[in-house]
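Here are the chains, one letter per residue:
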Amino acid sequence: MTDQSHAVVTVRALLPSWSEWRPAIRAPGADLLSGLIVALIALPLALGFGISSGMGAAAGLATAVVAGVVAAVFGGSRFQVSGPTGAMTVVLVPIFHRFGSSGVLTVGLLAGVVLVVLAIAGVGRAVRYMPAPVIEGFTAGIAVVIALQQFPAALGVAHVHGDKVWQSGFDAVRQYFSHPNHISLATALIVAVIVLAGGRYLPKLPFALLAVALTTIVARIFGLDLTLIGAIPSGLQAPTIGFVHLEQLESLLAPALAVAALAALESLLSATAADAMAVGTRHNPDRELLGQGLANIAAPLFGGVPATGAIARTAVNVRAGARTRLAALTHAVVLAAIIYLAASLVADIPVAALAGVLLATTVRMVETASLAAIARASKGDALIMVVTFAVTVALDLVTAVAVGVGIAVLLAVRVIAKEARLHQVPLDDSDHLVEEHALLDEHIVAYRLDGPLFFAAAHRFLLELAEVSDVRVVILRMSHISALDTTGALVLKDAIGKLEHRGITVLMSGLRADHRQCLAAIGALPGGGHAPLFDHTPDAIALAREYASHPAGATL
């Protein structure tokens, strides 16, 4: 198959097919009902996340509709519900403060292009290697960050200071104690309690929407002094601000990569969670990246913020009985109907009520049982989880994932390196200690190398082998080496060279073909590659005895 035809097959495998929609057409009832339930839950979340990002409620709704439609059609999971999320809001806030609305729109567009490239390159499968402590750590960190983002709205504070979300959150607390706004705080807390209690006992009912609607009615009847969302456009339209100029693109590349990384990570994790909740389903990770990429290209064209697969809404979709992609598509269509038919009603919603919904969402995001289990599993896993959590709150999610994965890799390398051993073993494969000691008296010693011989463990072998003394022959039994990299081969070459420089003959047995090729390529075989290599240790022992029987200084 030529490269061109292979590329065509790869792209074609990522595109949707008509067979995916046949079950929905034959029996659409369950999907339509599930989509309606998800839309009712997604409405206050889309409004809240749009406001939290700095782009406004209209941007959140536009994202939920446009990205929801595109991702439902082109995504790799039949249950995935996409739209604005709290994790993405965390990343967008500093971008909005630095570059404004045009910067956010441009970053979303660029991130979409990156995701499409990643999909075609087949990068989606990499998410399966994400360590569980990193996932739990950044999930808990995101929950705290989202909660801190709601402090100003919940406390009735209009303007806060601080580049980081924890700084602005604490500034909101400071201002609240200086000028308390009890009505806003009470509104947020009441809504949060209703959402949490209702979700616990009647999880299929849209308590988030009911609580927001009730609060809006009460505030309007009694004329409560609450900050409202304000007017939003009645319909989807192109953004009035537009995108940045070409000369500004360079400064937006790094934020765009961060947004793309987050969109890929959160969407793939959400799709994986949906697979775990549903029976007999498995998402296509590369196609999921394609769907999210196209969604993020489309959403900014209508003034939307970058989108991802939403874990909470996807979970609701599965539990509400969704069977096909029609459910996610229905959710987006219902939201679009609300924009066109009920925009004036949405304008009267108090922002404190939306803050309460999001505060409740953060509580439900944290799985305390999973956190406790990982903390008990090992000190290393607990460290990874705590550091990932702390960096997420203090800096940002992408940095936290990078740091968490980095620590996980270092700890894994440390564990693997500990498995490497250098054992002195009997020369005659028997338990006759007397004969063994007699052979040692002949200045012959054998070592068995166990486990991986790579950069993290190799230098210990150099130190141990370099200290070998009062012997004439060293036999290295290589059959138990599980892995050998260039660093390990170079260190072994150095050790063999030091032994041979002292007049000690080095023999090898049980060397695998691929390890032999590696050692030969860098000149690490005994005797400069001229010494015999043995498949079986007894043959090496026989030659060692023959050599040991010769007078010192004789050659073989």
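Our subject is the structure listed above.
Residues numbered from 1 in each chain as written. Predicted model: local features only at pLDDT ≥ 70, side-chain atom pairs only at ≥ 80, totals over all residues. Heavy atoms only, no water.

Colleague: Run through the overall build of the protein, naming residues and quoting values.
Modeller: Counting its regular elements, the protein contains 23 helices and eight strands. Within the span of the protein, comprising 556 residues, buried residues form 51% of the whole. A separation of at least 24 residues holds for 82% of the contacts in the protein among residues at least 6 apart in sequence. If you sum the accessible surface of the protein, you get close to 25,700 Å²; carbon and sulfur atoms cover 64% of it. (Helix = DSSP H or I, 4+ residues; strand = E, 2+ residues; numbered from the N terminus. Buried < 20%, exposed > 50% of the residue type's maximum accessible area, 1.4 Å probe, protein only. Contact = heavy atoms within 4.5 Å. Areas by Shrake-Rupley, 256 points an atom, 1.4 Å probe, with all protein chains shown as cover.)

Colleague: Before we move on, could you go through the pattern of salt bridges and cite the residues and values that matter?
Modeller: One pass over the full model with this rule turns up five salt bridges. For E20, the salt bridge goes to R287, with nearest N and O atoms at 2.2 Å. Taken as a pair, E20 in the loop between α1 (3-14) and α2 (22-26) and R287 in helix α11 (residues 285-298) lie far apart in primary sequence, 267 residues in all. For R174, the salt bridge is made with D171, and the minimal N-O distance between the two is 2.7 Å. On the criterion of helical spacing, the pair formed by R174 and D171 is a turn pair, its members being three residues apart in helix α7 (residues 165-178). R174 gets classed as partly exposed once you look at its relative accessible area, which sits at 48%. (Salt bridge = Lys/Arg side-chain N within 4 Å of Asp/Glu carboxyl O.)

Colleague: Please provide a residue-by-residue account of the packing of aromatic side chains, values included.
Modeller: Inspection of every chain in the model, using the stated rule, returns one aromatic pair. Considering the side-chain rings of Y176 and F177, the 5.7 Å spacing of their centres and the 75 degrees angle between planes classify their relative orientation as edge-to-face. Residue classification places F177 among the exposed residues on the basis of a relative accessible area of 64%. (Phe/Tyr/Trp six-rings, centres within 6.5 Å; stacked < 30°, edge-to-face > 60°.)

Colleague: Residue-level account of helix α17 (residues 379-394), with values.
Modeller: An ideal rise of 1.5 Å per residue puts 22 Å on 16 residues; α17 measures up with 22 Å between its terminal C-alpha atoms. Regarding α17, the residues found buried are A382, I384, M385, T388, V391, T392 and V393. (Expected span 1.5 Å × (residues − 1).)

Colleague: Pulling in residues and values, what's your account of the packing of helix α10 (residues 249-277) against helix α12 (residues 311-319)?
Modeller: Between α10 and α12, the shortest axis-to-axis distance is 9 Å and the interhelical angle comes to 20 degrees. As far as their axial angle goes, α12 and α10 are roughly parallel. In this structure, α10 meets α12 at a crossing whose hand is right-handed. On the side of α10, the interface is formed by E266, S270, A274 and M277, while α12 contributes I311, T314, A315, V318 and R319. Among the residues forming the contact of α10 with α12, the class breakdown is five nonpolar, two polar and two charged. (Axes fitted to C-alpha atoms, helices over the stretch in contact; angles between N-to-C directions. Parallel < 35°, antiparallel > 145°, perpendicular 65-115°, else oblique. Left-handed = near helix turned anticlockwise from the far one by under 90°. Nonpolar A, V, L, I, M, F, W, Y, C, P; charged D, E, K, R; others polar.)

Colleague: Any details on the environment of I232? Residues and values, ideally.
Modeller: By secondary structure assignment, the location of I232 is in the loop between α9 (207-222) and α10. Judged by its relative accessible area of 12%, I232 is buried. If near-sequence neighbours (up to four positions away) are discounted, I232 is found in contact with A57, A58, L61, A343 and V346.

Colleague: Explain a nonpolar patch on the surface to me, and be specific about the residues and the numbers.
Modeller: Among the surface-exposed residues, I183, L214, I217, V218, I221, F222 and L224 lie close enough to one another that they form a single nonpolar patch of about 650 Å² accessible area. Within the secondary structure, I183 sits in helix α8 (residues 182-201). The partly exposed category is assigned to I183, whose relative accessible area is 36%. (Patch = residues over 30% accessible without salt bridge, like charges linked within 9 Å, V, L, I, M, F, W, Y side chains within 5 Å.)

Colleague: If you had to explain the side chain of R477 to someone new, which residues and values would you point to?
Modeller: Tracing the backbone shows R477 in strand β5 (residues 473-477). In this structure the side chain of R477 is engaged in a polar contact, spanning 3.2 Å, whose partner is the side chain of T537. (Polar contact = N/O pair within 3.5 Å; in protein donor to acceptor, adjacent residues only side chain to side chain.)

Colleague: Tell me about the nonpolar core, residues and numbers included.
Modeller: Counting 85 residues, the largest nonpolar core has L47, F138, I229, V259 and L335 as the members making the most contacts within it. Broken down by element, the residue count for this core peaks at twelve residues, all from helix α5 (residues 86-121). Sequence-distant contacts of I229, defined by excluding residues within four places in its chain, comprise L47, I51, A57, V346, A347, I349, V351 and L354. With 21 residues, the next largest nonpolar core counts L449, L453, L484 and I496 among its residues. (Core = buried A, V, L, I, M, F, W, Y, C linked by side-chain atoms within 4.5 Å.)

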